[in-house]
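Residue-level structure breakdown
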Amino acid sequence: MVRTLGHCAGIAVVVVALTTTCCILYGCVLRNKSLHNGIECEMTWSSIRFILLPSPLDRQQQQQQQQQQQEEQQTCSLPFCYKLLKFTDARDERFDPIVDYNRPYQEEDVTTFHVKPNVNWCKPNNLSGKPGRIVLYVPGHEGTYMQARSLGAHGTTLTRHGQDLPRRKLNILLRRLWDGSMNASARDVSDFVFDVYSVDFGGEGGGIHGSRLFAQTTFVISALERLAEECYGDDEPTIENPQEFDIVIVAHSIGGLVARRAALLVNQKRHEHGKSPLVKTVITLASPHGGVPYVFDSSIYRFQWDIQKKKQEWVLNHAQHNRIAYNLVSICGGLRDELIPPSSCRVDVNVNVNGTNEISVLATNIVIPSPGGNHGLLSGFGMDHNAIVWCHGVLSFVRQVIHAAEYDKILKLIQETQRVIAATDGETCNYDCQNIEKEKLLQEEYGWLRAFAIMTSMLYNSQLSLVLYVMNGILHCFFLFWRRCFGTMRKEQMSHSYFFIPVLSSMIAMVTSVGNSQLGFGSILFLAFNAMNVYYGIYYGIFSYSPSRLVMMLLPWNTDPSSTKSKFETSTVSPSSTTCHNRKNGRTTTKLILASLMVVLLTFAIVFKEIMVVNVISFGAMMFITHTVTTMCYIAKVGFATRNDPKSKRITRSIVSTLFLLFPILSVGKIIFALSLLTRHGQTKAIPYMDFERSQWDSLSCHARLCEAVSFLKYDLPRYTAFICVPIHLFCVKRMHQVRIREDHDQFAKKD
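Keep in mind it's a predicted model, so treat the numbers as computed, not measured. (Residues numbered from 1 in each chain as written. Predicted model: local features only at pLDDT ≥ 70, side-chain atom pairs only at ≥ 80, totals over all residues. Heavy atoms only, no water.)

1. A few points about the overall build of the chain
Per the secondary structure count, the chain includes 23 helices and 10 strands. In the chain, which comprises 752 residues, the share counted as buried stands at 52%. Partitioning the intrachain contacts of the chain with sequence separation of at least 6 by distance along the chain shows that 80% fall at a separation of at least 24. For the chain, the accessible area works out to roughly 34,900 Å², and carbon and sulfur atoms hold 58% of it. (Helix = DSSP H or I, 4+ residues; strand = E, 2+ residues; numbered from the N terminus. Buried < 20%, exposed > 50% of the residue type's maximum accessible area, 1.4 Å probe, protein only. Contact = heavy atoms within 4.5 Å. Areas by Shrake-Rupley, 256 points an atom, 1.4 Å probe, with all protein chains shown as cover.)

Below is the structure:
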């Protein structure tokens, strides 16, 4: 009877595992085939031409950098290797005189050219000579300056293909741009013009580590100051004499966080010099203001925390005058956005509570959906994460927001534009209510099961899945400890823990609002079971029945049972001497791994000496990389060493099964940051982040000698090593020592 129940429980485990896994896979297929159909929004067409502008530095810094370039012959001419470019439509003749067509940005590049030297690249060559309103585009994670072409097309209303735009109408638009009848101060939005500039981070992934966001913020600030100096000059507005001169920032994805921090810092700096705020409006497209759901590095959250701190400082400094730092308009992509959910795009609804006027709006409420009868086309489910930067309806609304400028006008524009969805009680539906209504609409379009699979398989659930994975591992460890102390350890109890642990972790995640609070309990439960599938795959699969002889030979500490057994069978060496011999071999292997990594890194530093640099920072980065990689090897080693499944090793295997996935995910951003510190430009980019860490450390109140003794903890990598890597490393070494002693005693007992 007990055996029959055990077989039934095992079958139930397999059925649940297959069901939850198939649900996620089915949702991914549905998203790619029907929801993300590529035609959810009308595309903006543009005739691309970008102009690479000089470095956003003052003249003294430019002279110093030119001298440094001549001495060191560096190839990167801009600070941090970032660039500032200007978009102009190829059909627009206003900026033809400043384009150097003989100097393309890259070979065989017909869209991007250098600017001619000693020219004013801000003012157009037309009858008025006045530029449009200045708009700076900030790309997001792995974004490029090319994303600004659609926004730039809306700056002049040249947003249609030549076949869709009659020649006569095109000539009228070009003539009005030339004679100045279309300008930045036009009252009618149809006559309004804005010039688009874009920063280019070279496709850098800002979501990998926070140091990149701090470096990008520094460059955006310098770009804003450079634009103000070149475009406004002596006509810059002051607090005593405010004028209609300002810069609007439009940012995508995580670039919205960079834009917010840059706007706060540049406005605060200008206020200290008696000038009015330079950035009055920040428009973000699918930016994660409520938390980045797909990153795991702690430095990203420190960057977001610093934004909130800067807002509080602004409120304290300007409480008497009730000054606003800037107006923030957050546009969310909607349910089709697979990276940023609507709940993460939401900003504070209270006006001027944190120093900014913040408004959240769904793209589905400002864009007329495309007609059609297929799924996803009948109603506005929004657009995916990248489509929002070229969606014609969204950018048309952005153009109106840029023209409105003032908060009251922006709020009135939103109220007039968006299609307000009435709630069940007949009242006006707010942002959260609109999200709920869209989810209901998704169920009506696809059915409950398909809608459930789509929402559960979204990529932004990866962070929640990792949290559930860790909670499952911790609960499973407690379960094993309880069974070890108060019960028996039978294999059929695996099914018991498989069913109740995901339910318990889902309840904890639901109550504590961990991860994405937009999901219901059913979706969280399915994610918990999928996390449990991965955990059990590592616990009962990789670490239990792996062909681990080769793996054990490659990892530190040689503990292969066959090798240990052969030594006892062929010799009369005592267990203590065998333990010492194995320990010596393990230390030798560890030293070889460390030495090999150091030799490889030093070889790269010598071969690529023009790029890489050898100093204290790079040496510390190399030590961090070697120690982190060694710790990963030790985690795997402890897991493989417990594959014989004795009772005393199950808790250890549970811990390392959790660390086996968690530690590499938490360390990947740190390792990439450490690799960047091996190069000259990487260390240059890290300066703003290190300055931030030093300022945070100096603000702490502690004993002088104590702070001096632990001053190395002010930086990210040493702090991560001291509090994460070293404890895990010591735990693994201790467990390996215990495993070795037990194996030696077992082999000696068998010999007797």
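Now that the structure has been shown, the text picks up again.
2. Focus: the pattern of salt bridges
In this structure the tally under the stated criterion is 19 salt bridges. With its nearest N and O atoms 3.0 Å apart, the salt bridge here joins Glu225 to Lys269. In this pair, Glu225 is assigned in helix α5 (residues 210-231) and Lys269 in helix α6 (residues 255-272), connecting sequence segments 44 residues apart. In this structure, Lys310 and Asp306 form a salt bridge, with 3.0 Å as the shortest nitrogen-oxygen distance. Of this pair, Lys310 and Asp306 both sit in helix α7 (residues 298-317), separated by 4 residues, roughly a single helical turn. The pair Lys310 / Asp306 is uniform in exposure class, with both members buried. (Salt bridge = Lys/Arg side-chain N within 4 Å of Asp/Glu carboxyl O.)

3. Section: the environment of Val739
Tracing the backbone shows Val739 in helix α23 (residues 716-751). When the C-alpha atoms of Val739 and Ala641 are compared, they prove to be 7.4 Å apart, with 98 residues separating the residues in sequence.

4. A word on the environment of Val292
Mapped onto the secondary structure, Val292 falls in the loop between β8 (279-285) and α7. Remark: the alpha-carbon pair of Val292 and Gln304, spanning 12 residues in sequence, is separated by 9.2 Å.

5. Brief notes about the nonpolar core
Core analysis: the largest hydrophobic core is formed by 117 residues, its most contacted members being Leu84, Leu136, Tyr197, Val199, Val220, Leu224 and Leu468. When residues no more than four places from it in sequence are discounted, the contact partners of Val199 are Lys83, Leu84, Leu136, Tyr137, Val138, Pro139, Tyr145, Phe219, Val220 and Ala223. Residues Val250, Ile359, Val398 and Tyr407 belong to the second largest nonpolar core, which totals 43 residues. (Core = buried A, V, L, I, M, F, W, Y, C linked by side-chain atoms within 4.5 Å.)

6. Focus on the state of the cysteines
For the coordinates displayed, the defined rule picks out 1 disulfide. A sulfur-sulfur distance of 1.9 Å marks the disulfide that ties Cys122 to Cys231. With the S-S dihedral at roughly 115 degrees, the linkage between Cys122 and Cys231 falls on the right-handed side. Here Cys231 lies in helix α5 and Cys122 lies in the loop between β4 (112-115) and β5 (133-138), a separation of 109 residues in the sequence. Look at Cys122 and you get buried, because its relative accessible area is 0%. Residue Cys28 stays outside any disulfide, its sulfur separated by 9.6 Å from that of Cys23, the closest cysteine. (Disulfide = S-S within 2.5 Å.)

7. Let's talk about the confidence of the model for the chain
Looking at the chain, pLDDT values average 79 and 75% of them are 70 or higher. At the low end of the mean pLDDT range in the chain sits helix α17 (residues 561-570), at 40; at the high end sits strand β7 (residues 247-252), at 96. In the model, residues 420-427 has pLDDT below 50 throughout and makes 11 contacts with residues more than four positions away in sequence or in other chains. Considering only residues more than four positions removed or in separate chains, one finds that residues 546-579, a stretch of pLDDT under 50, has 69 contacts. (pLDDT = per-residue confidence, 0-100.)

8. Side note on the side chain of His289
By the element assignment, His289 lies in the loop between β8 and α7. Using a relative accessible area of 11% as the deciding quantity, one classes His289 as buried. One polar contact links His289 to Thr284, side chain to side chain, over a distance of 2.9 Å. Every residue in contact with His289, bar those within four places of it in the chain, is listed here: Leu257, Arg260, Thr284, Gln304, Leu328, Ser330, Ser344, Cys345, Arg346 and Val347. (Polar contact = N/O pair within 3.5 Å; in protein donor to acceptor, adjacent residues only side chain to side chain.)

9. Points about a nonpolar patch on the surface
Taken together, the side chains of Phe500, Val503, Leu504, Met507, Ile508, Met510, Val511 and Phe521 present a nonpolar region at the surface, about 670 Å² in accessible area. Topologically, Met510 is positioned in helix α14 (residues 494-512). (Patch = residues over 30% accessible without salt bridge, like charges linked within 9 Å, V, L, I, M, F, W, Y side chains within 5 Å.)

10. Brief notes about the sheet that holds β5
Spatially, 10 strands are ordered β3-β4-β1-β2-β6-β5-β7-β8-β9-β10 in an open sheet, and the strand pairing comes out mixed. Strands with a single pairing partner mark the edges of an open sheet, and in this sheet they are β3 (99-104) and β10 (356-362). Each strand of the sheet is rotated relative to its neighbour by a mean of 30 degrees, with strand direction disregarded. Pairing of β5 with strand β6 (residues 194-200) involves 5 bridges; the strand directions are parallel. By the bridge assignment, Arg133 is partnered in β6 with Phe194. (Pairing = 2+ DSSP bridges. Axes fitted to C-alpha atoms, helices over the stretch in contact; angles between N-to-C directions.)

11. Some words on the packing of aromatic side chains
Counted under the stated rule, the structure contains 25 aromatic pairs. Ring centres of Trp121 and Tyr197 lie 6.0 Å apart, and the angle between their planes is 65 degrees; this geometry places the pair in the edge-to-face category. With a gap of 76 residues between them, Trp121 in the loop between β4 and β5 and Tyr197 in strand β6 connect regions that are remote in the sequence. The burial state of Trp121 is the same as that of Tyr197; both residues are buried. Above the plane of the ring of Phe95 lies Lys86, whose end atom (NZ or CZ) is 4.2 Å from the centre. Over the ring of Tyr539 we find Arg653, and its NZ or CZ is 4.6 Å from the ring centre. (Phe/Tyr/Trp six-rings, centres within 6.5 Å; stacked < 30°, edge-to-face > 60°. Lys NZ or Arg CZ within 6 Å of the ring centre and 35° of its normal.)

12. Things to note about the pairing of β8
By the criterion of burial, β8 is predominantly enclosed, with 6 of the 7 residues buried. With 6 bridges joining them, β7 and β8 adopt parallel strand pairing. Among the inter-strand pairings, Ile249 is bridged to a residue of β8, identified as Val282. As a crossover connection, the stretch from β7 through α6 into β8 is right-handed. Direction of pairing for β8 relative to strand β9 (residues 326-332): parallel, over a ladder of 5 bridges. Residue pairing across strands places Thr284 opposite Ser330, the latter belonging to β9. (Right-handed = clockwise from strand over helix to strand, strands pointing away.)

13. What to know about the pairing of β10
Within β10, 7 of the 7 residues are buried, which leaves it mostly tucked inside the rest of the structure. With burial as the criterion, each face of β10 is covered, one bearing Thr356, Glu358, Ser360 and Leu362 and the other bearing Asn357, Ile359 and Val361. In the sheet, β9 pairs with β10 via 7 bridges, with the strands oriented parallel. Among the inter-strand pairings, Leu328 is bridged to a residue of β10, identified as Glu358.

14. A closer look at the environment of Phe214
Structurally, Phe214 can be placed in helix α5. Remark: the alpha-carbon pair of Phe214 and Val258, spanning 44 residues in sequence, is separated by 7.7 Å. Beyond its immediate stretch of four places on either side in the chain, Phe214 contacts Arg261, Phe303, Asp306, Pro688, Tyr689 and Phe692.

15. Examining unusual backbone geometry
With the exception of glycine, the majority of residues adopt a negative phi angle, and the majority of peptide bonds are in the trans configuration. Although it is not a glycine, Asn118 adopts a positive phi angle of roughly 60 degrees. On the secondary structure map, Asn118 appears in the loop between β4 and β5. On the accessibility criterion, Asn118 (84% relative accessible area) is exposed. Positive phi values are uncommon outside glycine, yet Thr157 reaches one of about 65 degrees.

16. Focus on the packing of α5 against α6
Describing two packed helices takes the angle between their axes plus the distance from one axis to the other. Axis separation between α5 and α6 bottoms out at 9 Å; the angle between their running directions is 50 degrees. Viewed along their axes, α5 and α6 adopt a mutual orientation that is oblique. Crossing of α5 against α6: the hand is right-handed. Of the residues in α6, those in contact with Leu213, Phe214, Gln216, Thr217, Val220, Ile221, Leu224 and Glu225 of α5 are Val258, Arg261, Ala262, Leu265, Val266 and Lys269. (Parallel < 35°, antiparallel > 145°, perpendicular 65-115°, else oblique. Left-handed = near helix turned anticlockwise from the far one by under 90°.)

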